[in-house]
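# Structural overview
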Amino acid sequence: MTAAGPTPVWITGYGAISCVAADAAGTWLAAYEGRSGIREGLGAVALPTESPSVAARLSRLKTTPFGALRGGKALPMAISAIEEALAAAGWEGLRDDDGLLLATTTGQGPLWEDELMRHLLGELPADRRSSALATQPLGVTLAVLRELYGFRGRATILSTACSASTHAIALGHRWVRSGQVRRCLVGGVEVLSRLTVEGFRSLKLLSAERARPFDATRQGINLSESAAFICLERDRAGTAVARVAGSAFSSDAYHMTAPHPEGRGSVAAMRGALSHAGLEPAAVDWIHAHGTGSIHNDLSEGIAVVTVFGDKTPVSSTKAIHGHSLAASGALESVLCLESMRRGVVLGTPGLATPDEKIAVRHATHGAKMPLRCVLKNSLGFGGANGALVFVADGESR
Amino acid sequence: MTASVDRVTLVRDIAQTIVEAVNLRHKNLDDITGETALMGAGLELDSLDMLEVVVAVETRFGVKIADADEGKRVFRTIGTIAEFVEAKDA
Amino acid sequence: MTIWVVGAGLSESTRAEALRDDPDFRRATTNVRLAASAVEKALAALAAPLSDAGSRVALVVATGHGELEPTAGFLQELGRTNVARPLLFQNSLHNTAAGFLALRLALVGPVTTVSDAMFSGEDAVDVARTLLDGDADIAVVVGVDTFPAVLSELLPSLYPDGFRPVDGAAAIILANEVGRRQFGRGAALAVETIERNFGTDSAGETPSQFFDADAIAVLAQAALAGAASTASPLVRRKPDGTSSSTTVRWDA
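What counts, and at which threshold
- Residues numbered from 1 in each chain as written.
- Chains lettered and ligands numbered in written order.
- Predicted model: local features only at pLDDT ≥ 70, side-chain atom pairs only at ≥ 80, totals over all residues.
- Heavy atoms only, no water.
- Helix = DSSP H or I, 4+ residues; strand = E, 2+ residues; numbered from the N terminus.
- Rg over C-alpha atoms; globule rule 2.2 N^0.38 Å.
- Buried < 20%, exposed > 50% of the residue type's maximum accessible area, 1.4 Å probe, protein only.
- Contact = heavy atoms within 4.5 Å.
- Buried area = accessible area lost by both parts, 1.4 Å probe.
- Salt bridge = Lys/Arg side-chain N within 4 Å of Asp/Glu carboxyl O.
- Nonpolar A, V, L, I, M, F, W, Y, C, P; charged D, E, K, R; others polar.
- Axes fitted to C-alpha atoms, helices over the stretch in contact; angles between N-to-C directions.
- Parallel < 35°, antiparallel > 145°, perpendicular 65-115°, else oblique.
- Pairing = 2+ DSSP bridges.
- pLDDT = per-residue confidence, 0-100.
- 1 Å grid on protein atoms, 1.4 Å probe; cavity = no way out; pocket = protein on both sides within 12 Å on 5 of 7 lines; lining within 4 Å.
- Points joined across faces, edges and corners; volume = space filled by probe spheres on them.
- Left-handed = near helix turned anticlockwise from the far one by under 90°.

Of the regular secondary structure elements, chain B holds 4 helices and 0 strands. Its helices and strands taken in sequence order, chain B reads α-α-α-α from the N to the C terminus. Relative to the 2.2 N^0.38 estimate, which gives 12 Å for 90 residues, the radius of gyration of chain B is 12 Å and therefore close to what a compact globule would have. The principal-axis extents of the C-alpha atoms in chain B amount to approximately 30 × 30 × 20 Å. A buried classification covers 48% of the 90 residues belonging to chain B.

By a frequent convention, interface size equals the accessible area lost on bringing the separate parts together. Contact residues are listed per partner, giving 52 residues for chain A and 54 residues for chain C. The contact between chain A and chain C buries some 4,500 Å² in all, and 67% of this surface belongs to carbon and sulfur atoms. The tally of links between chain A and chain C comes to 2 salt bridges. Between A:R154 and C:D126 there is a salt bridge, and its shortest N-O distance comes to 2.9 Å. Mapped onto the side of chain A that touches chain C, the elements with two or more residues apiece are α4 (110-120), α5 (129-134), α6 (139-149), β4 (154-158), α7 (164-177), α8 (194-202) and β8 (242-251) of chain A. Among the elements that take part in the side of chain A that touches chain C, α8(A) stands out by supplying 7 residues, more than any other. Looking at the side of chain A that touches chain C, its residues break down into 25 nonpolar, 18 polar and 9 charged.

All names here are of chain C. Running from N to C, helix α6 (residues 120-131) and helix α9 (residues 214-225) point in directions that differ by 70°, and their axes come no closer than 5 Å. With respect to α9, the axis of α6 lies roughly perpendicular. In contact with G121, E122, A124 and V125 of α6, α9 contributes A215, I216 and L219. The class makeup of the residues in the contact of α6 with α9 is 5 nonpolar, 1 polar and 1 charged.

This part covers the pairing of strand β3 (residues 99-103) of chain A. All names here are of chain A. With 5 of 5 residues buried, β3 is to be regarded as a mostly interior element. Residues G99, L101 and A103 line one face of β3 and the alternating positions L100 and L102 line the opposite face, and both faces are buried. With 5 bridges joining them, β3 and β4 adopt parallel strand pairing. What sits directly across from L100, in β4, is A155. Relative to strand β5 (residues 183-190), β3 runs parallel, the two being bridged by 5 bridges. Bridge pairing links L102 to G187 in β5.

All names here are of chain B. Looking at chain B, the pLDDT average stands at 92 and 96% of residues meet or exceed 70. Of all the helices and strands in chain B, helix α4 (residues 78-89) carries the lowest mean pLDDT, 92, while helix α2 (residues 47-61) carries the highest, 96. Reported confidences for the modelled complex are a pTM of 0.97 and an ipTM of 0.97.

A few words on the layout of surface pockets. Unoccupied space between atoms shows up once a probe the size of one water molecule is rolled over them. In this structure, the second largest pocket spans a volume of roughly 1,000 Å³. Around the second largest pocket, the lining is made up of 36 residues, and of these A:F66, A:V140, A:A143, C:A117 and C:D240 lie nearest the centre. It is α6(A) that provides the largest number of residues to the lining of the second largest pocket, a total of 6 residues.

We now examine the packing of helix α2 (residues 52-59) of chain A against helix α3 (residues 74-89) of chain A. Residue and element names in this part refer to chain A. Where α2 meets α3, the closest approach of the two axes is 9 Å, and the angle between their N-to-C directions is 130°. Accordingly, the angle class assigned to the pair α2 and α3 is oblique. At the point where α2 passes α3, the crossing takes the right-handed sense. Of the residues in α3, those in contact with S53, V54, R57 and L58 of α2 are L75, P76, I79, S80 and E83. Looking at side-chain class alone, the contact of α2 with α3 contains 5 nonpolar, 2 polar and 2 charged residues.

Quick look at the structure:
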């Protein structure tokens, strides 16, 4: 920290891959144009032809013990988003004094899930047993990224379900802000798996149609896959869209599955992030909500937003376009916030036809051109773990 | 009205199924009757328990709840579940 | 920034088993019961109730495999009968133990779960240190892992050298200066640095039988052993060949 205050944490690059596009700009455009990637209630990623940089990075797998990961989607998705972010930031890979933070719920998902299920049913031949659990620890994904990027620096994986990558960005914000690292690559990756799809279905949380966040007729969420990464650093190097001005974590301590009815934890996270940024609620131009389309989440979150911001600050959720990618959602949607800030265009809530009267927020006008000086990204997680991030555009004073 | 032997057995069976499904081992099975409510005073189950109980009863007795409204009606007391199971068997 | 261990506890399997009969724990997984067993012992050492810290309490749970038992249970039932059990799924998330403990201890501050294979424990202590530099004055850090019997056939493939993880949990209560004054009782173990060695050429002591988050168990054991018996650095060689070295000192 300098005498003038904590060091600003600039966002100098970002990348994403979602069920609508293979990159950040494409995902944003799909949201802008209202093109949804949800089919039969789910959003699957179609892996694109690998760019030379992605192909080069993945080819290094041959010299590692992690060859099995090539067969999954998580690694190619993560590399795709990482390479896009690094290129945008002008980083030539990672240095050992950088930080690396990853968020995921199911990690390699289907790779171990299929084998594990077959083992449990007694159908796995003895010579295949080792693969049944070898890729199950979440740490495997980080270990392979370390190998592929030759990275020996500070890293970890957070797994707080739906708020995990928001937590990861908040942690990375602290690492860079306090000078513990100069730069930090942060993001999330989530792939669809039978465990999560059938699990959420058993909790009656899924919708077979496109989700309608904040709508009176909303029925549930669309699970999806995505990977999104952000480059944080102390040096602006000219091209930063914005900085992370504040971030906060909170816990509902209310119930294992249901959010607090008045979103008390979410209120604390949003207020905490604003306070961390030294800003008042009135400073926020736009709130990108968690807005999953679940009956309880949207109501709790809506009440929380009104509690903190009143009914003047525009709010939206873009999950009808790209779905809910669980641990990766915070990072993916932060990328959308940043892309909106870069373009000076607000994204509304696609699919919102009849706003729920009980959710008294002001819904953002889709496509409105306005300078987005300050944007708040909100996340609520299963089990009550919440997170919030405040982005402030470059050129704005604190 | 005297409950039939079959109904008594069914109520006990349903109670056992629920006790196992959501681990109510601290409750005395003998205290659970057809009148016992699932939510609130009674078994004090919450929304997560109810989801599990519905699946457990459907699986054990080979029945299926059509929709959320039917679920609410059927899973009110042990007795209402028993009526539903009996009706499906008839 | 130096942080201190002001409370420590290791899980007791008999206590964890007994919690099955506690109505508050009726839906709790084995991880949750083990973690709770360790945490309650660690909290007992504090000089003041945790609630005195208000929202300035962090909770960091470290787990290498997460909730393998309910995950296996869910997938097995799904595969066999095509029935998806909501409770098993809810319990299969890595964040389950953190969510449960936060609820039980009424924690409203930062609550998070770390999972980084063999370095889960080191990472969790590191995350706690960051949170103790602004978000919290006290951090409950728990490491827990269980390996369900139904998957025991897979162990030789996972650990061909014969390592067999033991189900268990360890908890340490970490504090910054403010937290130490408020919750510490006199002497405390200061945690200075944690080095991780990713190479597979590491020497060091045989790893404890504890699971992936063993750095927390090692710190807990050192804190409980007291000044006379704690050497520094605490070096652990992991079953995967990596190692870590934690520098500690006793602070009167």
